[in-house]
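Below, each chain spelled out in residue letters.
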Amino acid sequence: MRFLGSIEAKADTKGRVFLPATFRKMLNTSGEEMLIMRKDVFQPCLVLYPESVWNSMVDTLRKKLNRWNKRDQAVYRQFVSDVEAIALDGNGRFLIPKRYQEMANIDQQVRFIGMDDCIEIWSNQHQTAMTPEDFSQALEELMCRDDKDATAETATNGEL
């Protein structure tokens, strides 16, 4: 399941918003009925995870943490406790609770951004894109880094 694209939408006065049809179709096709919403760890946006993706993430996190370590337990608790289970109504709408709207500075205008296995929800007022120059430079560095790493590994293994 790969969510792709950027779609603008509008929340009503109660905070209900339609999940874009392309994303709903992908959820239906994959048999997903429940979404998990939480504030992003790094950015001022909300993230919707299909339940199977969320469960996989939580399993991965749990494996990296020690139940008997106080800090690990605090990290796990914070990660899993501040979430909201989301079910779409018959029209494909869901409610963004007020506290989540405040966390992400969401008003009525929102932007859904497909991020591969999850969907981000941004305030339409927040600038999410890098400048074209910053983007091309970052992408070049990332793509070249992989090439350099592969070349260095090949050289280390004596395959040059």
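These remarks concern the structure in this document. (Residues numbered from 1 in each chain as written. Predicted model: local features only at pLDDT ≥ 70, side-chain atom pairs only at ≥ 80, totals over all residues. Heavy atoms only, no water.)

**Describing the overall build of the protein chain**
Check the secondary structure of the protein chain and you find 5 helices and 8 strands. Looking at the protein chain residue by residue over its 160 residues, the buried ones come to 31%. Within the protein chain, counting contacts between residues at least 6 apart in sequence, those at least 24 apart form 58% of the total. Summing over all exposed atoms, the protein chain offers an accessible surface of approximately 10,700 Å²; the carbon and sulfur share of this is 51%. (Helix = DSSP H or I, 4+ residues; strand = E, 2+ residues; numbered from the N terminus. Buried < 20%, exposed > 50% of the residue type's maximum accessible area, 1.4 Å probe, protein only. Contact = heavy atoms within 4.5 Å. Areas by Shrake-Rupley, 256 points an atom, 1.4 Å probe, with all protein chains shown as cover.)

**Some thoughts on the packing of aromatic side chains**
Summed over all chains, the structure comprises 4 aromatic pairs. With centroids separated by 5.6 Å and ring planes inclined at 45 degrees, the aromatic side chains of Y49 and W54 adopt a geometry described as tilted. The same class applies to Y49 as to W54, namely buried. Where W54 meets F79, the ring centres are 5.2 Å apart and the plane angle is 10 degrees; that geometry is what we call stacked. One end of the pair, W54, is in helix α2 (residues 51-64); the other, F79, is in helix α3 (residues 70-81), with 25 residues separating them in the sequence. Grouped by ring-pair contacts, the aromatic residues Y49, W54 and F79 constitute a single cluster. Directly above the ring of Y76 sits R62, whose terminal nitrogen or CZ lies 3.8 Å from the centroid. (Phe/Tyr/Trp six-rings, centres within 6.5 Å; stacked < 30°, edge-to-face > 60°. Lys NZ or Arg CZ within 6 Å of the ring centre and 35° of its normal.)

**Looking at the pairing of strand β7 (residues 109-114)**
Among the 6 residues of β7, 5 are classified as buried, and the element is accordingly described as predominantly covered. Of the pairings in the sheet, the one linking strand β1 (residues 6-10) to β7 comprises 5 bridges and is antiparallel in character. By the bridge assignment for β7, A9 is matched with V110. With 5 bridges joining them, β7 and strand β8 (residues 119-123) adopt antiparallel strand pairing. Bridging across to β8, I113 finds its partner in E120. (Pairing = 2+ DSSP bridges.)

**Observations regarding unusual backbone geometry**
Positive phi is not limited to glycine here, since N105 has a value of about 55 degrees. Judged by relative accessible area, which is 53%, N105 ranks as exposed. Here the phi dihedral of D116 falls at roughly 75 degrees; this positive angle occurs in a residue that is not glycine. Looking at where D116 falls in the secondary structure, it is placed in the loop between β7 and β8. Taking relative accessible area as the criterion, D116 reaches 32% and is therefore assigned partly exposed.

**Examining α3**
If you check α3, its first and last C-alpha atoms are 16 Å apart, about what 12 residues at 1.5 Å a residue would give, namely 16 Å. All of the buried residues along α3 are D72, Y76 and F79. Each buried residue of α3 sits inside an arc of 65 degrees when the element is viewed along its axis, so together they form one side. Summarising the geometry of α3, the exposed residues directed more than 90 degrees from the buried face are K70, R71, R77 and Q78. Against the buried residues of α3 lie β3 (34-39), α2 and β5 (83-87). In this structure N69 caps α3, since a side-chain oxygen of it lies 3.0 Å from the backbone nitrogen of R71. (Expected span 1.5 Å × (residues − 1). Arc of directions from axis to C-beta. Polar contact = N/O pair within 3.5 Å; in protein donor to acceptor, adjacent residues only side chain to side chain.)

**Let's talk about the nonpolar core**
Within the largest apolar cluster, 21 residues are counted, with the highest numbers of intra-cluster contacts made by V17, L19, L46, L48, F94, F112 and I121. Listing elements by their share of this core, those giving two or more residues are α1 (21-30), β3, β4 (46-50), β7 and β8. Residues V58, Y76, F79 and I113 belong to the second largest nonpolar core, which totals 14 residues. (Core = buried A, V, L, I, M, F, W, Y, C linked by side-chain atoms within 4.5 Å.)

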